[in-house]
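Spelled out, the chains give:
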Amino acid sequence: MQFETLAIHDGQAPDPHSGSVTVPVYQTSTFERDDLDHRPEFFYSRIGNPTRKALESTIALLENGLYGLAFASGVAATLAALQVVKPGDHIVASNDIYGGSYRIFEQLLRPLAIATSYAATEDTGSYEACLTPETKLIWLETPSNPLLQISDIRTLARIAKERGILLAVDNTFLSSYFQRPLELGADIVVHSTTKYLGGHSDVIGGAVVTSDPALHTTIKNYQAAAGAIPAPWDCWLILRGLKTLKIRMKEHEANALHLASFLEKHPAVERVLYPGLPSHPQHELAKQQMSGFGGMVTFALKGGLPAVERLVARIKLFVLADSLGGVESLIASPAKMTLGALSKEERARRKCTDNLVRLSVGLENAADLETDLLNALAE
Ligand SMILES: Cc1ncc(COP(=O)(O)O)c(C=O)c1O
């Protein structure tokens, strides 16, 4: 079955008790047992809940993986996936990753004697140069945040396998519709379901998918023990979002390509970073490992931070807000907002300059969005 059919049917059959076509919100903390000797599939909602199970099954199917686990947030899912490393192990991560993931590596894992080295996101050789005998995991975020650089998942998966290292990919920016890292050789996929999978900016959530039973058991045990699980209602909202993922992603992409092409010709713009543009340095690699280019566009303004401040003050349709992947278009300054908590030196190391603007392109009319940018960028 094809992606959009799986998104609507598999993992979410009509409710066997009532016939309800949508999976009910099982808003319960606990479940009745028949007797003392048998533990039913569901007995306590931290360990398992039918609404969460439907979400976990559907996300696994869409990633073409065997096992899915849902979490209370993307960072909870990230920390859960990182349970596959132990004190003394070493991680190699992309340089240009979500600030919250960087915080987990530096503030939560490093004090536990799990060190992370950072490789140039787009340079496979740079990952190889960072490997040590202790390296247990390579962590990618591709396209990266905010520079939209591409890591070569297939080649890095081969290098990792040869050395007995695991490969995890944060697939939030493209969603399972445009990129399926397990098919390219990755071992673990992580999502902030807050973004495209939920798709409506109304819920926080995360997910981990793998096809390896041992990895799944480790992460599932952590889920039960640490307890960062999503509420049934939040699972239901994300399930609803998944049903329209394909059509939303296609529209996000069409609008993003339209605006990226417009911005590339605008005199106030220094450069545009969008993997769908032939000018993107890794456009060919993007075409090989992604089936679409996504809805995120980053660009640099010629006038530095004052030009960014002027743009966000004048823009009308784009909402100045953190996050991404919802139906409405958002605008952000990576230096002041998403990576604002990092030191100036750390931002410089990540080539996050003050003149960058990040757009999460929504589902509005493309010409309306273009007009909004045109007016806000006018002299
Ligand atoms: C790529 C990426 N991964 C993970 C996260 C963390 O997700 P959450 O905010 O749902 O915890 C984010 C949040 O912005 C993100 O952009």
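The paragraphs below set out a description of the structure included in this document.

What counts and what doesn't
- Residues numbered from 1 in each chain as written.
- Predicted model: local features only at pLDDT ≥ 70, side-chain atom pairs only at ≥ 80, totals over all residues.
- Helix = DSSP H or I, 4+ residues; strand = E, 2+ residues; numbered from the N terminus.
- Axes fitted to C-alpha atoms, helices over the stretch in contact; angles between N-to-C directions.
- Left-handed = near helix turned anticlockwise from the far one by under 90°.
- Contact = placed C-beta atoms within 7 Å.
- Nonpolar A, V, L, I, M, F, W, Y, C, P; charged D, E, K, R; others polar.
- Pairing = 2+ DSSP bridges.
- Buried ≥ 20, exposed ≤ 12 C-beta atoms within 10 Å, placed from the backbone.
- Near = placed C-beta within 6 Å.
- Core = buried A, V, L, I, M, F, W, Y, C linked by C-beta atoms within 7 Å.
- Domains from an automatic or database assignment.

## Quick notes on unusual backbone geometry
Turning to step 1, where the next piece is worked out: Pro143 follows Thr142 through a cis peptide bond whose omega is -5°.
Turning to step 2, where the next piece is worked out: With an omega of 10°, the peptide bond between Asn145 and Pro146 qualifies as cis.
Turning to step 3, where the next piece is worked out: Relative to the helices and strands, Pro146 is located in the loop between strand 4 (135–141) and helix 6 (153–162).
Turning to step 4, where the next piece is worked out: A positive phi angle is found at Ala113, which is not glycine, with a value near 65°.
Turning to step 5, where the next piece is worked out: With respect to the helices, strands and loops of the structure, Ala113 is situated in the loop between helix 4 (99–109) and strand 3 (115–119).
Turning to step 6, where the next piece is worked out: For Lys351, which is not glycine, the phi torsion reads 60° and is therefore positive.
Turning to step 7, where the next piece is worked out: One can find Lys351 in the loop between helix 13 (344–349) and strand 12 (356–360).

## Topic: the packing of helix 2 (residues 50–62) against helix 9 (residues 232–243)
Two packed helices can be described by the angle between their axes and the distance between those axes.
Turning to step 1, where the next piece is worked out: Running from N to C, helix 2 and helix 9 point in directions that differ by 35°, and their axes come no closer than 8 Å. You can see that helix 2 and helix 9 cross each other, and the crossing is left-handed. Where helix 2 abuts helix 9, its residues Thr51, Arg52, Ala54, Leu55, Thr58 and Leu62 lie against Pro232, Cys235, Trp236, Ile238, Leu239 and Leu242.
Turning to step 2, where the next piece is worked out: Along the lines of polarity and charge, the residues of the contact of helix 2 with helix 9 split into nine nonpolar, two polar and one charged.

## Considerations on the sheet that holds strand 4
Turning to step 1, where the next piece is worked out: Within the open sheet, the seven strands sit side by side as 1-7-6-5-4-2-3. Their pairing is mixed. At either margin of the open sheet sits one strand with a lone partner, and together these are strand 1 (67–71) and strand 3. On average, each strand axis in the sheet is inclined to that of its neighbour by 20°, with strand direction left out of account.
Turning to step 2, where the next piece is worked out: Its contacts with the sheet put helix 3 (residues 74–81) on strand 1, strand 5 (166–170), strand 6 (188–192) and strand 7 (206–210), and the angle it makes with strand 7 is roughly 35°.
Turning to step 3, where the next piece is worked out: Docked against the sheet, helix 8 (residues 213–226) engages strand 1, strand 6 and strand 7, running at close to 20° with respect to strand 1.

## Topic: the pairing of strand 2 (residues 90–94)
Turning to step 1, where the next piece is worked out: In terms of burial, strand 2 is largely enclosed, as four of its five residues are buried.
Turning to step 2, where the next piece is worked out: With five bridges joining them, strand 2 and strand 3 adopt parallel strand pairing. Within strand 3, the position partnered with Val92 by the bridge is Ser117.
Turning to step 3, where the next piece is worked out: Alignment of strand 2 against strand 4, held across four bridges, turns out to be parallel. Within strand 4, the residue paired with Ala93 across the bridge is Trp139.

## Comments concerning the site of the ligand
Turning to step 1, where the next piece is worked out: By nearness alone, 15 residues border the ligand, and Ser73, Gly74, Thr172, Ser192 and Thr194 come closest of all.
Turning to step 2, where the next piece is worked out: Here the residues of the shell around the ligand are counted per class, giving four nonpolar, nine polar and two charged.

## Here's the deal with the sheet that holds strand 10 (residues 319–320)
Turning to step 1, where the next piece is worked out: One open sheet holds the five strands; their spatial order is 8-9-12-11-10, and the pairing between them is mixed. Only two strands of the sheet have a single partner each, and these edge strands are strand 8 (269–273) and strand 10.
Turning to step 2, where the next piece is worked out: In this structure, strand 8 lies alongside strand 9 (residues 296–301), joined through four bridges in antiparallel fashion. For Val272, the partnering residue across the bridge sits in strand 9 and is Phe299.
Turning to step 3, where the next piece is worked out: Its contacts with the sheet place helix 12 (residues 304–314) against strand 9, strand 10, strand 11 (330–332) and strand 12, and it is angled at close to 130° to strand 9.

## Section: the nonpolar core
In summary, soluble globular proteins display a tendency toward joint burial of nonpolar side chains.
Turning to step 1, where the next piece is worked out: Ala80, Ala81, Ile138, Ala168, Val208 and Val297 are the most contacted members of the largest nonpolar core, which totals 107 residues.
Turning to step 2, where the next piece is worked out: It is helix 10 (residues 245–264) that provides the largest number of residues to this core, a total of seven residues.
Turning to step 3, where the next piece is worked out: Each of two domains, domain 1 (3–243) and domain 2 (246–377), supplies a minimum of three residues to this core.
Turning to step 4, where the next piece is worked out: Discounting residues that sit within four places of it in the chain, Ala80 has contacts with Leu69, Phe71, Val208, Ile219, Tyr222 and Gln223.

## Comments concerning the packing of helix 10 against helix 14 (residues 366–377)
Turning to step 1, where the next piece is worked out: Packing of helix 10 against helix 14 leaves a shortest axis separation of 10 Å and a crossing angle of 35°. With respect to the hand of their crossing, helix 10 and helix 14 are arranged in right-handed fashion. Contacts between helix 10 and helix 14 pair Asn255, His258, Leu259 and Phe262 from the former with Ala366, Leu369, Glu370 and Leu373 from the latter.
Turning to step 2, where the next piece is worked out: A per-class count over the contact of helix 10 with helix 14 returns five nonpolar, two polar and one charged.

So far we have only geometry, and geometry alone does not tell us how the molecule works.
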